[in-house]
Amino acid sequence: MAAGLAITSEGGRYYNGKMTVFVVLSCIVAATGGLIFGYDIGISGGVTSMEPFLKKFFPEVYRKMKEDTKISNYCKFDSQLLAAFTSSLYISGLIASLFASTVTRAFGRKASILVGGTAFLAGSAIGGAALNIYMLIFGRVLLGVGIGFTNQSVPLYLSEMAPPKHRGAFTIGFQVCVAIGVLSANLLNYGTQKIKGGWGWRISLAMAAAPASILTIGGLFLPETPNSIIQRTNDYQKAEKMLQRVRGTADVQAELDDLIRAGSVSKNINHPFKKIIQRKYRPQLVMAILIPFFQQVTGVNIISFYAPVLFRTIKLSENTSLLMSALVTGGIGTVSAILPMILADKLGRKVLFLLGGIQMLVSQVMIGSIMAAQLGDHGGFSIGYAYLILVLICVYKAGFGFSWGPLGWLVPSEIFPLEIRSAGQSITVAVGLLFTSLVAQTFLAMLCHFKAGVFFFFGGWLTVMTTFVHFFLPETKNVPIELMDKVWREHWFWRKFFDDVGEENTPEVLSEKIRRDCYANSCLAMSLLPLRLLTYFASQILRLPRHVNCIIIKCASCVNPSSNASLIATFYICQPENMVRTRRWDSGVDPPMLKGAEHLVEALVDFANPFT
């Protein structure tokens with residue numbers, strides 16, 4: 001079955017295509033990369049509350065929990081070694097995600113997915129067979145490598161394969177798989193902790209191989225995205241055939257032209273991490289850092305990682321803690337993650353961000369207030385208050401599930417132009433894993449020292465991030481991924497990072513930019529004179545048509561210190577005094593392909609490089 005659609009792109013053009021079975025199956029297989037991430041989140045919290053596991057690897061924590069009656073309820077699980085068990089995975093994932101950018105760019109999205117799945121398989125085997133703490137943490141490091149690669153490549157794969165109109169639903173499939181992984185892990189923990197002999201935790205850790213196998217085997221059959229084919233090769237015919245197969249129609253020229261245009265720019269970028277810090281990419285870079293940071297300081301990890309620990313802190317039994325963790329962090333997370341698959345492409349990203357932020361803020365404040373008033377350093381809750389907190393945690397988890405959970409992956413994966421896409425996604429993943437590891441390493445200590453105040457701490461961050469989204473995040477729904485630059489140029493704040501927003505690129509406008517920007521720096525203006533003479537004589541040799549009198553190449557990355565504006569390197573061809581027609585080239589469009597001048601334009605671009 002295939003559902004027809006036509007996506008409006010810039011300039012009134014249309015992207016034709018259908019919702020094909022081929023693209024749906026490909027995205028389902030790729031989205032299972034979320035299973036391994038979610039499974040680990042669920043398993044980490046579950047096994048760290050199992051008494052046999054604590055007794056074998058963390059005896060000091062076990063002793064405090066069982067024997068020390070004077071220690072505060074908030075401090076029983078405060079152990080840097082126990083926190084290191086959780087955070088070691090995310091530190092290794094952070095480092096791996098930076099290497100994953102190079103692999104994804106050079107070898108494709110599929111290669112990164114396979115590397116991630118294989119590393120996770122190895123880590124699950126070592127973790128399940130661990131005999132000591134060193135072997136246990138080494139297995140976690142390998143799991144982190146797997147997560148670093150898959151979290152970097154899978155969202156990119158989904159956003160590039162999906163039709164623009166349904167990109168939100170497809171990419172959110174990653175978060176749905178994360179939630180399913182959490183649910184599966186928690187239900188497994190609930191079953192394995194009942195195994196007599198105290199070795200149930202080994203099954204929990206080793207079963208991570210199940211989702212990793214699905215991803216690795218399925219990844220062998222995944223097609224590469226058309227974007228990646230164009231970025232890595234010059235085989236436009238292969239890219240066109242893949243695009244036709246993905247979209248289910250032969251008429252893909254409009255979309256293919258945009259992909260080729262983006263790919264031509266991408267191939268000229270040898271150091272994307274240097275490129276991304278340029279002023280013109282400042283909006284995307286800010287979002288690549290702040291969105292994953294905000295996602296971690298929502299406080300979700302105090303629910304996901306340590307839900308069983310929290311439930312035991314409020315005096316629920318081990319069995320009840322694991323069951324409640326399964327239902328709350330897994331079940332509600334899975335159900336609520338399905339909601340944005342339907343609404344993200346209809347209501348938009350911002351509406352869900354704002355609604356979820358407000359819902360989580362209210363829940364955090366109420367949980368903190370009840371714990372501050374009712375739970376002291378010793379003793380426990382009444383059963384009524386304990387279950388009230390469970391309800392509020394459910395409300396909180398639902399709010400995260402339809403907002404910052406899926407959208408924290410969706411928005412960064414769709415905002416980067418192709419030339420910096422792999423680097424941008426690596427930064428997003430690295431920042432997310434960095435703060436995931438910091439929260440994982442410090443939360444138990446924060447819980448011990450802040451007590452109920454830790455919930456107000458995260459509530460404060462929820463206020464900040466909700467305000468930030470309202471004012472600074474543009475809406476990206478239904479915008480073709482290769483034309484995303486437009487939403488930043490039209491935003492009230494970010495538009496100032498683009499020097500030509502709202503201006504018509506006429507010869508008069510561009511000539512004024514030359515006078516305003518180039519001549520503000522007399523040294524650069526003088527240095528352009530030899531190039532102008534060189535290109536003049538080159539034009540005579542090539543015998544360009546008379547109507548082509550001027551080519552203006554805009555070096556967008558070249559910044560004038562005196563005017564803080566983009567310098568425009570100007571190359572006059574033929575008669576500069578008879579400038580009838582002006583053409584412009586920047587990092588967003590192909591060099592103007594003028595008759596007989598293709599090689600000359602490419603040479604001029606190379607000459608401009610020393611000034612960038």
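Just so it is clear, the structure is predicted and the values come from calculations on it, not from any experiment.

Definitions and limits used
Residues numbered from 1 in each chain as written. Predicted model: local features only at pLDDT ≥ 70, side-chain atom pairs only at ≥ 80, totals over all residues. Heavy atoms only, no water. Phe/Tyr/Trp six-rings, centres within 6.5 Å; stacked < 30°, edge-to-face > 60°. Buried < 20%, exposed > 50% of the residue type's maximum accessible area, 1.4 Å probe, protein only. Helix = DSSP H or I, 4+ residues; strand = E, 2+ residues; numbered from the N terminus. Contact = heavy atoms within 4.5 Å. Expected span 1.5 Å × (residues − 1). Bend = angle between axes of the 7 residues up to and from the residue. pLDDT = per-residue confidence, 0-100. Salt bridge = Lys/Arg side-chain N within 4 Å of Asp/Glu carboxyl O. Core = buried A, V, L, I, M, F, W, Y, C linked by side-chain atoms within 4.5 Å. Axes fitted to C-alpha atoms, helices over the stretch in contact; angles between N-to-C directions. Left-handed = near helix turned anticlockwise from the far one by under 90°. Nonpolar A, V, L, I, M, F, W, Y, C, P; charged D, E, K, R; others polar.

Novice: What should I look at first to understand the packing of aromatic side chains in this one?
Specialist: Each pair of aromatic rings is reported with the distance of its centres and the angle of its planes. The final tally for this structure, using the stated rule, is 23 aromatic pairs. Seen from their ring centres, Phe 457 and Phe 458 are 5.2 Å apart, and the 75° between their planes marks the pair as edge-to-face. Phe 457 gets classed as partly exposed once you look at its relative accessible area, which sits at 36%. According to the relative accessible area criterion, Phe 458 is buried, its value standing at 1%. With a centroid separation of 5.1 Å and an interplanar angle of 80°, the aromatic rings of Phe 472 and Phe 493 are classed as edge-to-face. Taken as a pair, Phe 472 in helix 23 (residues 453-472) and Phe 493 in the loop between helix 24 (485-489) and helix 25 (507-518) lie far apart in primary sequence, 21 residues in all. Look at Phe 472 and you get partly exposed, because its relative accessible area is 22%.

Novice: Can you walk me through the environment of Phe 22 in this structure?
Specialist: Tracing the sequence through the fold places Phe 22 in helix 1 (residues 21-31). Under the relative-accessibility criterion, Phe 22 is labelled buried at 18%. Contact partners of Phe 22, with chain neighbours within four places excluded, come to Met 161, Pro 223, Met 242, Arg 245 and Val 246.

Novice: Looking at this model, I keep getting lost on the side chain of Thr 104. Mind explaining?
Specialist: Mapping Thr 104 onto the fold places it in helix 5 (residues 80-107). Setting aside anything within four residues of it in sequence, one finds Thr 104 in contact with Arg 109, Ser 112, Gln 152, Ser 153, Leu 156 and Ser 422.

Novice: Would you mind going over helix 7 (residues 133-161) with me for this structure?
Specialist: Since one α-helical turn is 3.6 residues long, residues separated by three or four positions face the same way. In this model helix 7 runs 42 Å from its N-terminal to its C-terminal C-alpha over 29 residues, within 8% of the 42 Å that 1.5 Å per residue would give. Along helix 7, the sharpest change in direction is near 25° and occurs at Thr 150. With respect to burial, helix 7 is a largely interior element, 22 of its 29 residues being buried.

Novice: Help me understand the side chain of Ser 88 in this model?
Specialist: As for its placement among the helices and strands, Ser 88 is situated in helix 5. The contact partners of Ser 88, leaving out residues within four places of it in the chain, are Ile 137 and Arg 140.

Novice: Where do I start with helix 23 in this structure?
Specialist: Taking 1.5 Å per residue as the helical rise, helix 23 with its 20 residues ought to reach 28 Å, and the 29 Å between its terminal C-alpha atoms agrees with that figure. Along helix 23, the residues classified as buried are Val 454, Phe 455, Phe 458, Gly 459, Leu 462, Met 465, Thr 466, Phe 468 and Val 469.

Novice: What is the right way to read the confidence of the model for the protein from this model?
Specialist: When pLDDT is low, close inspection of the predicted coordinates is not appropriate. Put simply, the protein has an average pLDDT of 74, and 69% of its residues get 70 or more. Under a pLDDT of 50 for its full length, residues 1-13 has, in the predicted model, 37 contacts with residues more than four places off or in other chains.

Novice: In this structure, what is going on with the pattern of salt bridges? I would like to understand it.
Specialist: In the structure shown here, the tally under the stated rule is 10 salt bridges. A salt bridge links Arg 140 to Asp 40; the nearest nitrogen and oxygen atoms lie 2.6 Å apart. Residue Arg 140 is located in helix 7, and its partner Asp 40 is located in helix 2 (residues 33-47); the two are separated by 100 residues in the primary sequence. Judged on exposure class, the residue Arg 140 and its partner Asp 40 are both buried. A salt bridge links Glu 414 to Arg 349; its shortest N-O distance comes to 3.0 Å. Of this pair, Glu 414 sits in helix 21 (residues 404-414) while Arg 349 sits in helix 19 (residues 349-374), and the two are 65 residues apart along the sequence. Assessed through its relative accessible area of 1%, Arg 349 is described here as buried.

Novice: Just checking my understanding: could you explain the nonpolar core for this structure?
Specialist: Within soluble globular proteins, side chains that are nonpolar generally end up buried alongside one another. Among the nonpolar cores identified, the biggest contains 62 residues, and Val 47, Phe 53, Phe 57, Phe 58 and Leu 136 are the most heavily contacted of them. Ranked by the residues each element gives to this core, the list is headed by helix 7, at eight residues. Sequence-distant contacts of Val 47, defined by excluding residues within four places in its chain, comprise Phe 53, Phe 85, Asn 189, Trp 201, Ser 204 and Leu 205. Ranked by size, the runner-up nonpolar core spans 41 residues in total, among them Phe 293, Leu 410, Phe 468 and Leu 473.

Novice: So what exactly am I meant to see when it comes to the packing of helix 1 against helix 8 (residues 167-192) here?
Specialist: Between two packed helices, the angle of one axis relative to the other and the distance separating the axes together describe the packing. The geometry of helix 1 relative to helix 8 is characterised by a closest axis approach of 9 Å and an angle of 35° between their N-to-C directions. In this structure, helix 1 meets helix 8 at a crossing whose hand is right-handed. Contacts between helix 1 and helix 8 involve Val 23, Val 24, Cys 27 and Ala 31 from the former and Phe 170, Gly 173, Phe 174 and Cys 177 from the latter. The residue makeup of the contact of helix 1 with helix 8, split by class, is seven nonpolar, one polar and no charged.

Novice: Would you mind showing me how to read the environment of Ser 363 here?
Specialist: With respect to the secondary-structure elements, Ser 363 resides in helix 19. Here Ser 363 falls in the buried class, since its relative accessible area comes to 2%. Contact partners of Ser 363, with chain neighbours within four places excluded, come to Leu 392, Val 395 and Tyr 396.

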